[in-house]
Structure formats: structure tokens, C-alpha cells
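Structural characterization, general
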Amino acid sequence: NISANPVGRQDVVREGGLPPLITLLRSPLKNLQEQAAATIRNLSADDVIKVKFVQEGGLGPLVTLLEVTEPLTREHVVAALANLTMDSTNDESIVQAGALQSLVALLKDQSIRTQEHAAICLRNLSTNAEIKVKIVQKGGLSALVQLLQSPDIVVREHCTVALRNLSSADENKAQIVRDGGLPPLIELLECDEERVVVEAAVALQNLSMLSGNEAAIVQAGAVRGLVPLLSSEDPAVQDAVSGALANLSSFSDHDAKIVQAGALVPLARLILSPHVVISEHCSALLRNLTAYNAEIKM
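These lines cover the structure that appears in this document, whether it is placed above or below. (Residues numbered from 1 in each chain as written. Predicted model: local features only at pLDDT ≥ 70, side-chain atom pairs only at ≥ 80, totals over all residues. Heavy atoms only, no water.)

Focus on the overall build of the protein
How we decide: Helix and strand assignments follow DSSP, with helices taken as H or I runs no shorter than four residues and strands as E runs no shorter than two, numbered in order from the N terminus. Whether a residue is buried, partly exposed or exposed follows from its accessible area with a 1.4 Å probe, protein chains only, as a fraction of its type maximum: under 20%, in between, or over 50%, in that order. In what follows, a contact means two residues having at least one pair of non-hydrogen atoms within 4.5 Å. Computed with a 1.4 Å probe, the accessible areas rest on the Shrake-Rupley method; for each residue, only the protein chains presented here act as cover. Charged residues are defined here as Lys and Arg on the positive side and Asp and Glu on the negative side; His and the ends of the chain fall outside this count. Charge positions come from single atoms, namely NZ of Lys, CZ of Arg, CG of Asp or CD of Glu.
Looking only at helices and strands, one finds 22 helices and zero strands in the protein. Projected onto the principal axes, the alpha-carbon positions of the protein cover approximately 75 × 35 × 30 Å. Among the 298 residues that make up the protein, the fraction classed as buried is 54%. A separation of at least 24 residues holds for 68% of the contacts in the protein among residues at least 6 apart in sequence. Only carbon and sulfur atoms are counted for the fraction: they give 52% of the accessible area of the protein, which is about 13,300 Å². Measuring between centres, the 24 positive side-chain charges of the protein sit 3 Å from its 34 negative side-chain charges.

In C-alpha cells:
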């Protein structure tokens, strides 16, 4: 397939191949739809072709094919959209073309790879403040939470990043907790993939910023998951974890649990961190712990 080759992709477009491919997306013949979608999936990996595809009016017919019953065609289409969402200038056009509801539905597709590409789309789209709201309105929050327990680590990673993005909006913080997001996020703190740990920790830090969430986060066992990560060598993990614990420690009845989990030793080291934000988080955490606990002062 010429379109699978970076040089070949340019040749296809230069020879005028894009408009007829877009036309074939509308073909009544299922095999032609599949082949056209597969080719566009390959072509859309190119940054220049991404732009040209949208300019040529390809989004509409591509999004329409998200509803087809043929699994392989659906996978090619959602993978192409995942490529297109890598360019944030396409975000509004993709939403206006009506893709969101179908993308949320595809999180429950029987194909793990289709789930993966749908999660990538929502991960990328959720960086947009206005689209964040629309994803939640379409039911994306609960669908993403459910997929945090996917057997596929790549799917879990993309869903965790999407939820991290969504959790930055105050209106979503309580709903993520209500939808059962805490247990799987806390479980991901023990993931072998450090990048997933970072995203889960940041999501929990975001959730802990909402007054009213703190008790639920502690009751779900977050302290036991967060405190050991204070010993991580990754500044991103240190930042998120110390920030979350600082938020949780603003309640005196949480302090004993943080201390009992072994926070003091790594905290004494991190308070001297060259990273200002980490040092500030740890100072706030230590201040809260000592304010409510006479034994710690001594």
C-alpha cells in the first residue's frame, strides 16, 4: 500500500488522490468504504495531509462511517480521526461534524484497538475547555471511567489522560467521584508504567482540589497509594503526589493516616527539592501535619 509509506503519501496527494478517496467514503459498496478508510488512515498520519483532508471536506463522510457495522472499517475510521485530533486546529471541526457521540459509544466497542483509538480521540479533544463540557454531556465521563479497568494498558493510559484533562474542570470533579473513578485511579498508582502513574496521580490531585471530595478520596484508600510515591525519583510524580496529599492534609482527621502511611521520611527529603512547586507542596503538607498533630511537632 503506497499510502503506508511517508513518501508515497505525498505522491498520492500530489497526483490528486484525495478527492476521489473522500468520494469513495460515500460509496454504497462496503469493501470500497473499508479500503478508502484504510488509505485515509495512513494518509492522515502526515501533518500536511491532515490539513488538506479537512480542507477538501473529508471530515463529514469520515465521521458518518463511525456508525457502520463493519468492525474493520470502524477501526480505520476512528484511527484516522485519532490522527486528525493530533492537530488541535481540527478539534472544533470534528465536533461540529457530529463525532463526539459516536466516539463515546466506541469506547464500548468489542475491538480493543477501536476502543484505543476512540480513547485517543477523546484524550486529545479533552484539552479543549469547551469540548470538555460536551464530552461529559455525551456520557463520556462514565464510559472513560469504566475503561480504566480495561485489560489493555494502552487503553487504560489514554483513558487516564482523558480523565486527567476532564478533572481539571471544577464541574467534573464531583461527577468523576460519583461515577466510580476513584478506585481504578488509585489502583493505577501501582501500575508498572510510570507515565500512567503520573497521569493517575495528577487526576487525583485535581480531584482533591474540590472541597467535599477529600473524604471520599481518603476513604477510597488514596493515602496508602500516594504516600509510597513520595519516594519516586520522577519530579512529575513527586509534584502530583505531594500536591494531592497537601490538599488532603487540610483536614485534621486525615493527617494521622498520612503519617501512619510513612510520609514523614520522604517528606523531609522532598521539602529540600530544587523544584519550587514540589518544595511548596511539601511545606504546605508538613505545615498541616504539624498544625494538628502535637506528636509530629515534637
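Examining helix H15 (residues 194–207)
Spelled out, the test is: Expected span, for any helix, means 1.5 Å times one less than how many residues it has.
If you check H15, its first and last C-alpha atoms are 20 Å apart, about what 14 residues at 1.5 Å a residue would give, namely 20 Å. Among all positions in H15, only Val196, Val197, Val198, Glu199, Ala200, Ala201, Ala203, Leu204, Gln205, Asn206 and Leu207 are buried.

Observations concerning the side chain of Gln238
Just so we agree on the cut-off: We define a polar contact as two N or O atoms separated by no more than 3.5 Å, with the added condition that, inside protein, one atom must be a possible hydrogen donor and the other a possible acceptor, whereas residues neighbouring each other in sequence contribute only through side-chain atom pairs.
By the element assignment, Gln238 lies in helix H18 (residues 235–248). Assessed through its relative accessible area of 5%, Gln238 is described here as buried. From its side chain, Gln238 meets the backbone oxygen of Ser232 in a polar contact 2.7 Å long. Gln238 has contacts with Leu230, Ser232, Glu233, Arg269, Leu270 and Ile278, leaving out every residue within four places of it along the chain.

Comments concerning helix H8 (residues 99–106)
Counting buried positions along H8 gives six out of eight residues, so the element sits mostly inside the fold. Every buried residue of H8 is accounted for by Ala99, Leu100, Ser102, Leu103, Val104 and Leu106. Looking at the buried residues of H8, the elements they touch are helix H5 (59–64), helix H6 (71–84), helix H7 (91–96), helix H9 (112–125), helix H10 (129–137) and helix H11 (140–147).

Observations concerning the pattern of salt bridges
Test applied: Take a side-chain nitrogen of Lys or Arg and a carboxyl oxygen of Asp or Glu: if they are within 4 Å of each other, that pair is a salt bridge.
Evaluated as defined, the whole model comprises 10 salt bridges. Where Arg164 meets Glu199, a salt bridge forms, and the shortest distance between an N and an O atom there is 2.6 Å. Of this pair, Arg164 sits in helix H12 (residues 153–166) while Glu199 sits in helix H15, and the two are 35 residues apart along the sequence. Here Arg164 falls in the partly exposed class, since its relative accessible area comes to 23%. The class of Glu199 is buried, set by a relative accessible area of 13%. Among the charged side chains, a salt-bridge network with shared partners connects Arg113, Glu116 and Asp152.

Structural notes on the environment of Ser242
Its location among the elements puts Ser242 in helix H18. What makes Ser242 buried here is its relative accessible area of 0%. In the structure, Ser242 is positioned 30 residues away from Gly212 in sequence and 19 Å away in space, judged by C-alpha atoms.

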